[in-house]
Amino acid sequence: MLPKSKVDLYAAIRRDAKAGLSSRALQRKYGVGFLTVQKALTSAWPEPRKKLPPRPTRLDPYKPLIDQILRADLDAPRSRGTR
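Here the residue numbering is sequential within each chain, running from 1 through the sequence in written order. In keeping with the model being predicted, local features are shown solely for residues with a pLDDT of at least 70 and side-chain atom pairs are shown and tallied solely at 80 or more, while totals for entire chains, interfaces and linings include all residues. The side-chain values count all of the structure's non-hydrogen atoms but skip hydrogen atoms and water molecules.

Observations regarding the pattern of salt bridges
Close approach of charged atoms lets side chains of opposite charge pair. We apply this condition: By convention in these notes, a salt bridge is any Lys or Arg side-chain nitrogen within 4 Å of a carboxyl oxygen on Asp or Glu. Helix numbering and strand numbering both begin at the N terminus, where a helix is a DSSP run of H or I of at least 4 residues and a strand a DSSP run of E of at least 2. Using a 1.4 Å probe on the protein chains alone, a residue whose accessible area is under 20% of its type maximum counts as buried, one over 50% counts as exposed, and one in between counts as partly exposed.
Counted by the stated rule, this structure contains two salt bridges. As a salt-bridge pair, Lys29 and Asp16 come within 2.8 Å of each other at their nearest N and O atoms. Of this pair, Lys29 sits in helix 2 (residues 23–30) while Asp16 sits in helix 1 (residues 6–18); the two residues are 13 residues apart in sequence, bridging distant segments of the chain. With a relative accessible area of 47%, Lys29 lands in the partly exposed category.

Some words on the packing of helix 1 against helix 2
To keep things clear, this is the line we draw: Lines are fitted to the C-alpha atoms to define the axes, a helix being fitted only along its stretch in contact, and any angle between axes, read from their N-to-C directions, falls within 0 to 180 degrees. Orientation is classified from the angle alone, with under 35 degrees giving roughly parallel, over 145 giving roughly antiparallel, 65 to 115 giving roughly perpendicular, and any other angle giving oblique. Here a crossing is called left-handed whenever its near helix is offset anticlockwise from the far helix by less than a right angle, and right-handed whenever the offset is clockwise. Note on definitions: a residue-residue contact is assigned when non-hydrogen atoms from the two residues lie within 4.5 Å. Gly is put with the polar residues, along with every residue not named as nonpolar or charged; the nonpolar set is Ala, Val, Leu, Ile, Met, Phe, Trp, Tyr, Cys and Pro, and the charged set is Asp, Glu, Lys and Arg.
Two numbers describe how helix 1 lies on helix 2: the axes approach to 10 Å, and their chain directions differ by 140°. Comparing their axes, helix 2 and helix 1 come out oblique. As helix 1 packs across helix 2, the resulting crossing turns out to be right-handed. Taking contact as the criterion, the partners of Leu9, Ala12, Ile13, Asp16 and Ala17 in helix 1 are, on helix 2, Leu26, Lys29 and Tyr30. Per-class residue counts for the contact of helix 1 with helix 2 are six nonpolar, no polar and two charged.

A short note on the layout of surface pockets
The following threshold applies: Put plainly, a pocket is an open set of points on a 1 Å grid over the protein atoms alone with protein on both sides within 12 Å along at least five of seven lines, a cavity is a set where a 1.4 Å probe fits but cannot get out, and a lining residue has an atom within 4 Å of a point. Grid points are joined across faces, edges and corners, and a volume is the space filled by probe spheres set on the points.
Approximately 260 Å³ is the volume found for the largest pocket. The wall of the largest pocket is formed by Lys6, Val7, Tyr10, Thr36, Lys39, Pro46, Glu47, Pro48, Arg49 and Lys50. Within the residue set of the lining of the largest pocket, elements represented by two or more residues are helix 1 and helix 3 (34–42). At three residues, helix 1 tops the list of elements feeding residues into the lining of the largest pocket. Within the lining of the largest pocket, the residues separate by chemical class into four nonpolar, one polar and five charged.

Below, the structure written as structure tokens:
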């Protein structure tokens with residue numbers, strides 16, 4: 001059974017390396033690359049994930065217009081119902 005988190009994966013790799021498995025055997029067993037095995041053997045904690053910048057949406061070019069319409073709507077008199 002494969003580890004659920006990266007911390008568990010690093011711990012399992014270090015445990016098996018201490019038991020005598022080679023780097024290539026660890027790569028095969030856990031389905032990871034050479035660098036992942038090396039990082040696991042040098043550090044107990046994986047690097048934190050990088051924060052990605054927010055992606056622009058399709059609505060972004062129209063936001064000023066939408067804000068303008070909503071502000072104008074706030075100043076407009078209340079409409080009476082259609083009853």
